[in-house]
Amino acid sequence: MHTHTALRDRVEDLVPRIREEAARTEAERRIPTEVLAALLDAGAFSLVPAAERGDREAELVELVRTVAAACGSTGWVTAAGSAVPWLLDLFPQAAWARLHDEAGDPLVAFSPEPAGRLVGPEDELVLNGQWTAVTGAANASWLLLGVRRHEVPGEPGRAGLALVPVADCELSDPVDTVGLTASGAQDVRVRGAAIPVGSWADAEHRGADLRAIGTIAAMALVGSAAGALVTHLDQSRQRLALSHGGEDALDLSPARIARAASLVDGAALVLREQATGHHDPDDQPRDPFEDQLYAVDRAVEATALVFASLRAHALDNGDPVARLWRDVRVGGYHARALITRLRALGG
């Protein structure tokens, strides 16, 4: 078992390499195998049960922020993979046992979209369905898929999740997008897969805190926004130095940058408070999912402000700021959909 300190140190040691590989990652539309293996070995995707997590959520939001600042796709995949244990909390011990039958921690991808139909008695459940753009499916050996358990004709059925090995699924080619190009998102289709006892979770009647999943995912976008801001400032300083102080080289709008920095800091603060269990000192009721949506919107707005400051470099597809802007823009749609579905799932 990796300790939290070892996890932080190991992943932070990988960040320079992740940043160096970011252009290659986008061009090849996949996270380099060696980077993914290093994250797995570091324990970023460990399936830690609730009783042993301690402050792991707080550790993960910082790790995801750091990785996402270096590469948006790698940060988004890290967020999704590291949040899986909170979904597994919905399941009985039998599901955990199936996953731990494999050597080491397997990679698990998920989609809470209730696009599956689960029918039959408890000991003979059969799953059919199709899910779109499942993040990380290209690298996963198991999938957690949103389903509805149909028992009474004419009724929508209970919402939940099914644990399915990738071997029982049909996967499309990776989804072609303009941002988060290396997120490993694939459409998934399941036809007549048998779901063993203990591999279906009734989200409506089994308590679990799904809030953490949205917190970790939202921080991936905040991290990429922060990365875009820092990278843009570094680029501006370098151009200014090369021009010996010439104003034409200062590709920077101070008002926009100040606003962007404020938005990023505010979004990160909201998510850190959630991850550490901070309570409002005024005891005002707050919807954690609304706070997550707020953080996502602020990250998207901040990155747009930075991108608007690129001026002549805005059309350079190879520019790291433009790349992070594309990642945050596309990630915003995915994060909003995820948070909305988590709330509907009973988070």
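This structure is a prediction, so every number in the text was calculated from the model and none was measured. (Residues numbered from 1 in each chain as written. Predicted model: local features only at pLDDT ≥ 70, side-chain atom pairs only at ≥ 80, totals over all residues. Heavy atoms only, no water.)

Focus: the overall build of the protein chain
Stage number 1. Per the secondary structure count, the protein chain includes 11 helices and seven strands.
Stage number 2. Across its three principal axes, the protein chain shows a C-alpha extent of roughly 75 × 50 × 40 Å.
Stage number 3. Among the 347 residues that make up the protein chain, the fraction classed as buried is 53%.
Stage number 4. When contacts within the protein chain are restricted to residue pairs at least 6 apart in sequence, long-range pairs at least 24 apart make up 76% of them.
Stage number 5. Entry remark: accessible area of the protein chain is about 15,100 Å², with carbon and sulfur atoms responsible for 52%. (Helix = DSSP H or I, 4+ residues; strand = E, 2+ residues; numbered from the N terminus. Buried < 20%, exposed > 50% of the residue type's maximum accessible area, 1.4 Å probe, protein only. Contact = heavy atoms within 4.5 Å. Areas by Shrake-Rupley, 256 points an atom, 1.4 Å probe, with all protein chains shown as cover.)

Details of unusual backbone geometry
Stage number 1. Of note in the backbone geometry, Arg-29 takes a positive phi value of approximately 60° without being a glycine.
Stage number 2. Here Arg-29 lies in the loop between helix H2 (22–28) and helix H3 (33–42).

A closer look at the packing of aromatic side chains
Stage number 1. Tallied over the full model, the rule gives one aromatic pair.
Stage number 2. Ring plane angle 5° and centroid distance 3.9 Å describe the contact between Phe-307 and Trp-325, whose orientation is recorded as stacked. You can see Phe-307 sitting in helix H10 (residues 288–308) and its partner Trp-325 sitting in helix H11 (residues 320–344), a full 18 residues away along the chain.
Stage number 3. Lying across the ring of Trp-86, Arg-53 places its NZ or CZ 4.6 Å from the centre.
Stage number 4. Above the ring of Tyr-333, the side-chain terminus of Arg-336 is found at 5.9 Å from the ring centroid. (Phe/Tyr/Trp six-rings, centres within 6.5 Å; stacked < 30°, edge-to-face > 60°. Lys NZ or Arg CZ within 6 Å of the ring centre and 35° of its normal.)

Structural notes on the environment of Thr-135
Stage number 1. With respect to the secondary-structure elements, Thr-135 resides in the loop between strand E2 (125–134) and strand E3 (142–149).
Stage number 2. Classification of Thr-135 as buried rests on a relative accessible area of 14%.
Stage number 3. Between the C-alpha atoms of Thr-135 and Gln-186, which are 51 residues apart in sequence, the distance is 6.9 Å.
Stage number 4. If sequence neighbours within four positions are ignored, Thr-135 has contacts with Trp-76, Val-77, Ala-80, Ala-109, Phe-110, Ser-183, Gly-184 and Ala-185.
Stage number 5. Of the polar contacts made by the side chain of Thr-135, one reaches the side chain of Trp-76; its length is 3.2 Å. (Polar contact = N/O pair within 3.5 Å; in protein donor to acceptor, adjacent residues only side chain to side chain.)

Digging into the packing of H10 against H11
Stage number 1. H11 packs onto H10 with a crossing angle of 165° between their chain directions and a minimal axis gap of 9 Å. Of the possible angle classes, the one that applies to H10 and H11 is roughly antiparallel. With respect to the hand of their crossing, H10 and H11 are arranged in left-handed fashion. Across the interface between the two elements, Phe-289, Glu-290, Gln-292, Leu-293, Val-296, Asp-297, Ala-299, Val-300, Thr-303, Ala-304, Val-306 and Phe-307 from H10 touch Val-321, Ala-322, Leu-324, Trp-325, Val-328, Gly-332, Ala-335, Arg-336, Ile-339, Leu-342 and Arg-343 from H11.
Stage number 2. Tallied by class, residues from the contact of H10 with H11 come to 16 nonpolar, three polar and four charged. (Axes fitted to C-alpha atoms, helices over the stretch in contact; angles between N-to-C directions. Parallel < 35°, antiparallel > 145°, perpendicular 65-115°, else oblique. Left-handed = near helix turned anticlockwise from the far one by under 90°. Nonpolar A, V, L, I, M, F, W, Y, C, P; charged D, E, K, R; others polar.)

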